[in-house]
Each structure stands twice: as C-alpha cells, then as structure tokens.
Amino acid sequence: MSQCACLSPQEERLQGKKKVNREGRERVYKILDRIQFTVPHVDIERARYFTESMRQTEGELLTLRWAKALKNVAEKMTVYITPDQLLAGRVGQLGRYGILYPEIDGDFYIEVMQDLPNREKSPFLIDPEDMKILMEEIAPYWEGKTYHEHLNKVLPAEIRGVTYDDERGLKSKFVVSETSSYRSALQWVPDYGKVIQRGFIDIQNEAKSKLAALDLTNSVDLWEKKPFLEAMIIVCDAIMIWARRHAQLARDTAAETADPVRRQELLRMADICEHVPAYPARNFREAMQCQWFVQMFSRLEQKASAIISNGRMDQYLYPLYKKDIEEGTLTREEAKELLECMWVDMAQFIDLYINPTGNEFQEGYAHWEAVTIGGQTPEGEDATNELSYLFLESKREFPLNYPDLATRIHSRTPERFLHEIALTVKDGSGFPKLINDEEVVFLNTIKGCPINEALDYAISGCTETRMPNRDTYTSGCVYINFASAIEMLMYNGRLLHYGDELIGLETGDPTSFKTWEEFYDAYKAQHINLLRKAFQQQHVVDRLRPQHFAAPLSSVLHDLCMKYYKDLHSEKIEEGVDYSYFEFLGYGTVVDSLAAIKKLVYEEKRLTMQEVLEAMKANFVGYEPIREMLKSAPCYGNNDPYADAIGKAIAGKGLKFSSKSAERVFTAALKERKLELKDGELTGLDDFIKAQKEADPDAFAPDKAPPRFASGSGSGGGHGEPPEHVPENVRIAKEMGAARAASAGATNDVLKNYL
C-alpha cells in the first residue's frame, strides 16, 4: 500500500523540493546569504564602554549612571552599516553577533568565557585581543558588584536549596529556577509611536521643562527627581548622537562608493539619520529608521528577555505609509523591502547567554522580536489596515523566522484578514501565532488597565502582552518544575539525580498510601511547597533588582515613569499594573502521571506502587510493558474528562494559594489609600475621592472618549454603529472603563464593584 505524504510549502523548501522565489528580493537574500549558518561572534564594545563609564560614576543615582554609560557607549562604539542595507544601525560587528552585559554576569566571565567558542550548545567566537580586554579590564571591575552575586548571597538556605546546585549559583537545581540573573528585564516593548510622532528633541524638552520647575530646596526634588530628569536628558542626547554618527558614516561611505545607485541610497540614508530620531518622522522611510534606532539602542540599554519586541507596527507606521502611498512617493513593494531589510538585520543579533543555566534554557540561537498586527483600536474599532496584510504577505513570501509575527483576532475581525491569516498558517513556517482579543482585553482590564490601553496591547516575547505606558513590572520570573514534585512524592522529598539530599517535603513512602486520596494529598503538599518557595524567591528578586538595574531610555518613553520621576525598574510605580507570572513547567506531565497512578494503581489495581517505583528507578529499562501501560492511561489535552478533572483540581489548588498572596497585596494597597474592605463594604472611599479631587481636579475625569465598538466584518477595517450583541467581555470592560471615568459624585457601590 502506497502512502501519500502531504507537505506544507515550508517543508518542501526545507527538503529541497521547492525553491525559494528570490525574484524582487535580491537585496535581502544577498544579505542573508552572507550570514546564514555562520557561527556568531562576541562584540565586547558595549561591555567595554559601559564599564568604563560606570567605573567613573560610582555614588551617583543609578539611573543617572546608566544614562551616562549609554552616552559613553553611543560616542565611542564602532558604528556600522550592513552592506546593501537600507536601514542604518546595529550594535555589534558585521555578521551574526552577540553583545555582553557584564552588570548581569560579569562575575563569572573568567570561568566561562574561555569555553565559549568550544561549547556544544550555542558556541560563539571571540577575538583573542577582545578576550584579553574582557579578562583584564571588564571582568575584574564587576566582581562583587553583579546582581547575580547579590542574589546568590542573600537567598535563604531553604530557598537556595531548590534554586542552585553549586556554591556560586552558576548551576540551576531546575526545581524552582530563578531567571532574573541572566536577563536584566522581562521582554519589553518601547513606545515607538511616541518617538515617531514627537522625536527625541521634544521628549528631551519635556524633561528639561520638568527639571526647570523643580523646587531644589525640597530634598526629594534635589536628590531624586533632579538626577532622574538629568538622566532622561542625557539618554536623549545619547541616542541622537548615535544616530548622527550613522549619518556621517553613510556620507563617508557614499563618498567612497563607485556604484551610483548605492551611493544615492547611502546619501538618502544620511539625510534620514540626521532627521530621526531627533525630530518627528515625515514619511514611512524615516519612521522605519526611527523605529530601528530605538529598537537597537534599547538592546544597548539592557538585556531584555526574548529581546526587544516591535509592538503594533501596522498601527504606528500606517499613517505615514498611507500618506506616502497616496502621494506616490512609496510603493507597496518598496515598503515590503524596507520591512524585510529590518527582518534580515534583526536575524543577525543573537541573544548571547553567558550564564550556563541560561544557555541550558535557551539552547540554540532563537529570539522572539514579536510584531503585532490586527486587533482593535483604542476606541474599540477593528484595527486591520493594508499594512496588516502586507506583513502577512511578507511572511509567506520571505519565510525567515524573524520577526515573531503575532495576529490579534476578535469577533469582528474582517473575513479577508482571517483568510490571509489562514493562508499564512498553511504555509507551514509556524507563523503567525493567534491572540484572542476576547480574552486578553478583558483580562488586562480587570487587572487595572484603562480600557483604551487594554484595547491597544501588543505581544511581547512568547505570548505576553504589553501596554508600553501602563506596564511597570520587569523582574524575570520563576520557572517551577512541577514534574519534580511528582518525583519528590515518589522518593519522599528527594530526586534521584541529587541522591539523598532532601529537596522537597518528606511526605512518606508512597507504597504506604492505601487510597488515591492519601497519594493525591501528598502530591498537593509537594506542589504547594514549590509554589510557596517560588513566591518567597520572587519577593527577594523584586527587592534586589532596583539596586542593580536601570533603564533610562525605557523610562523616558514611559508616561508613568516621567509622571512620577521613577526608573522603570523601580520596585513600585504609581498607576502601573503588575503582569508578573510564573512558568509552570511539566504541568501536562504531572496530570498524566497522576491520572496513570489513579487509574492503574488505585482503581483498576493492574499495577502496584512498588512495581511503578522499581520501573522508575530503572528509567523503565527492562520494564517496557509497565511503561506502555502507564502511557495508555487518560492524558491531559485530549478533551478527556478523567485527566482534565485532575488538571483542573491542580490549577484550582494553585489558584487558591496564589489568591492569598494577591489578597495581601490588595489589602496593603487599600491601607495605603486609607481604605478598608470590611464585611464586603469599602469604607473611607468618600474621603479618598475628596482628597484626590483636591490634589487634582481632573483626577476622575475621562482621559479619552469612551471606546466605540465597530460592527460587521467586511473586507477591511469597518467603522459602523455599535452592534446589538456586544461580546460579554467587551461589555464588562467598557463598563469598567466608564467606572474609572466616574466623577467624584459616583456612588460608593459603583466604585466598590469596579475595585
């Protein structure tokens, strides 16, 4: 019997059965061919000039030190223009490259850098002269100063025991794994639209105006707000200096270029770099270059997890795209080529992990610079436009794994857009990922985000959402290996890999459990123990990070940072929302394991607990029949009520535990505002409203017009009257937005319900 294998276009390309059509993309493929499959290099210049400045500014406010260090980097690092590129700017040498952040991991450079070119997973090349500078100038300064060392030193022994497997904290235990010491922040999305529309001179002038208005006889103004604003002014200078250096490089390169076409491209590039990001972008080309400068300079600022994402590109670029198309100064193909020039240079920056644990988690050279398209406008209308379709078209025709394309869909997404999404998924390259507005907008709103901003979210990293002027939580979060809880249950608090070391709870010999309920209670104890230690670990992380990390560029682009004169990495920023999370690793494995034990040991009694234990200790070698029996039990993710009920019960147990933590935070926030929730009644609200109104007469006035929800699907972005049946989550979110805008005369009941 013959079998017919149906391959996707991407599979056909990978197997050589289908050639990539390069016609019209000669430029980007020429760039790609030079770098594809090459081993990346380490560029040390960011680390060198950052360290040089930090050595000179000890004792100053950390945000100010960071801004001065970035300016030093901007002035001294080598600037590059990738040959054949239409966009200027990269943060390392030509080819594939990674850069260093010694403030995170400089304390163990001496131990691990020598092996970097030879390591099996994700090797990097480094020049011998650069290695010498790294060992003699950079690494010695950071010994005793890094965040990693501080965290390793202060973690309590019981938390450290599930976190690290060595004295220096270089190796993870892979039980309750902290991730904050191999990145300075979670994935992030800067407010690109702000820079495109205003330019850094205007943003800098805002900081100067605030600085001039300070009362320097006030200690807070003098010692906190003044250096913060000075940092904002300096970081604006830094990125503008960096851009002007690229303008000069483009002119110098043009003067030495014989090809008249390339010479004109370089001269136009120089003109663009002299204008943006200092001034507002005047056309699509300038907007693209402005965005690229901000994205690249953000990488110099900090090592954000999964790299800096691109936000809602089809939204903030569309006005200038539309203008240029209508004026005839830009074609769709030219716009697409500019986008793909960005993708191909994006692919050359490699997220370099020095930390051995980080490298284990991050095996390979992947990174996730998400681009978000589709969705809704802040006013609640469908946001799909012609650029949205152009992004999908580019992903099908140029199937590079950058960017990480995400599409937002909702109940009124146009049929044409859904069809184009399906065509792109069908291509088989794994893009785009689909994000459901009907869930996400509501979730963001009930967490405290104003409805207009909740509707304007962007995807960042894997599937996380960001609202660039509302999010304020940046700490890397805990990875909890719940599969280890199963093993610790079976071995009375121990893991075979670590011998007789007690890591979990001693819940007893599993062969002594007579009923499923006893066995499951023991698992729940191990599960909650890991959750408790994760919360304790994260508490320490959140309080240490502001002592070690600052983000002046991200802060100057964040409305709340500027409003409250606080760096984005501050432990708490007023009006900000906390989207922290824990990674649940092995969740499906846990459910499958519990379902198998329940079914085969306690219900059907086809196996004994002793037989299961013996098979586990042998890693099922010689016990293959037992393994097959266990695998035949109901499994999670198959719409099987037996397994799913166990999964739901575990999730409920974790939710109940974490809700206690959330309740404590909520109660503390109420107390801070002299409010109290007692017997279901919120007291002190009238006094709170009065005080807010006295401090700010517009405190409860609407920020914007309420969202208007479009109807119909159509072929484009329709703008109709509100539909008869607004989705339930949108209706609730809208009501919550209205509650936020309520005046001081609003009743206690309305605001109590909103809270």
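Fair warning: this is a prediction, and the values are worked out from it, not measured in the lab.

Re the sheet that holds strand 4 (residues 370–374)
(1) Moving on: Spatially, the 3 strands line up as an open sheet ordered 4-5-6, and their pairing is parallel. Each edge of the sheet is formed by a strand with only one pairing partner; in this case those strands are strand 4 and strand 6 (433–436). In this sheet, adjacent strand axes meet at a mean angle of 30° when their direction is disregarded.
(2) Moving on: Set on the sheet, helix 19 (residues 386–397) makes contact with strand 4 and strand 5 (404–409); between it and strand 4 the angle comes to about 130°.
(3) Moving on: In this fold helix 20 (residues 415–427) packs onto strand 4, strand 5 and strand 6, with an angle of close to 150° to the strand it touches most, strand 5.

A look at unusual backbone geometry
(1) Moving on: With omega at 10°, the peptide bond leading from V276 into P277 counts as cis.
(2) Moving on: Looking at the secondary structure, you find P277 in the loop between helix 13 (260–275) and helix 14 (284–301).
(3) Moving on: Cis geometry is adopted by the peptide bond preceding P432, which originates at F431 and carries an omega value of -5°.
(4) Moving on: By secondary structure assignment, the location of P432 is in the loop between helix 20 and strand 6.
(5) Moving on: Unusually for a residue other than glycine, N639 sits at a positive phi of about 60°.
(6) Moving on: Tracing the backbone shows N639 in the loop between helix 29 (624–631) and helix 30 (641–672).

A few points about the sheet that holds strand 9 (residues 479–481)
(1) Moving on: The 3 strands are arranged 3-9-10 in an open sheet whose pairing can be described as mixed. For this open sheet the edge positions go to strand 3 (176–177) and strand 10 (583–585), each flanked by a neighbour on one side alone.
(2) Moving on: Inspection of the sheet shows strand 9 paired to strand 10 by 3 bridges, in the parallel sense. Looking at strand 10, one finds that N481 is bridged to L585.
(3) Moving on: Here helix 23 (residues 482–490) sits on the sheet in contact with strand 9 and strand 10, set at roughly 30° to strand 9.

Describing the packing of helix 3 (residues 45–56) against helix 4 (residues 62–76)
(1) Moving on: Contact geometry for helix 3 and helix 4: axes closest at 8 Å, N-to-C directions at 135°. Overall, the two elements helix 3 and helix 4 adopt an arrangement that is oblique. Taken as a pair, helix 3 and helix 4 cross one another with a handedness that is right-handed. Side by side, helix 3 and helix 4 meet where R46, Y49, F50, E52, S53 and M54 of the first sit next to L62, R65, W66, K68, A69, N72, V73 and K76 of the second.

Here is what the cut-offs are and how they apply
By convention here, each chain's residues receive numbers from 1 onward along its written sequence. Given that this is a predicted model, residues contribute local features only at a pLDDT of at least 70 and side-chain atom pairs are listed and counted only at 80 or more, while totals for whole chains, interfaces and linings are drawn from all residues. To obtain the side-chain values, all non-hydrogen atoms of the structure were included, while hydrogens and water were left out. The rule for pairing is simple: two strands pair if DSSP sees at least two bridges between them. Numbering of helices and strands runs from the N terminus, with a helix taken as a DSSP run of H or I at least four residues long and a strand as a DSSP run of E at least two residues long. Simply put, an axis is a line fit to the C-alpha atoms, just over the touching stretch for a helix, and the angle between two N-to-C directions goes from 0 to 180 degrees. Contacts are assigned to residue pairs with any non-hydrogen atoms lying within 4.5 Å of each other. Should an angle lie under 35 degrees it is considered roughly parallel, over 145 roughly antiparallel, and from 65 to 115 roughly perpendicular; all remaining angles are considered oblique. A crossing counts as left-handed when the near helix is turned anticlockwise from the far one by less than a right angle, and as right-handed when that turn is clockwise.

Nothing here speaks to function; it is all geometry.
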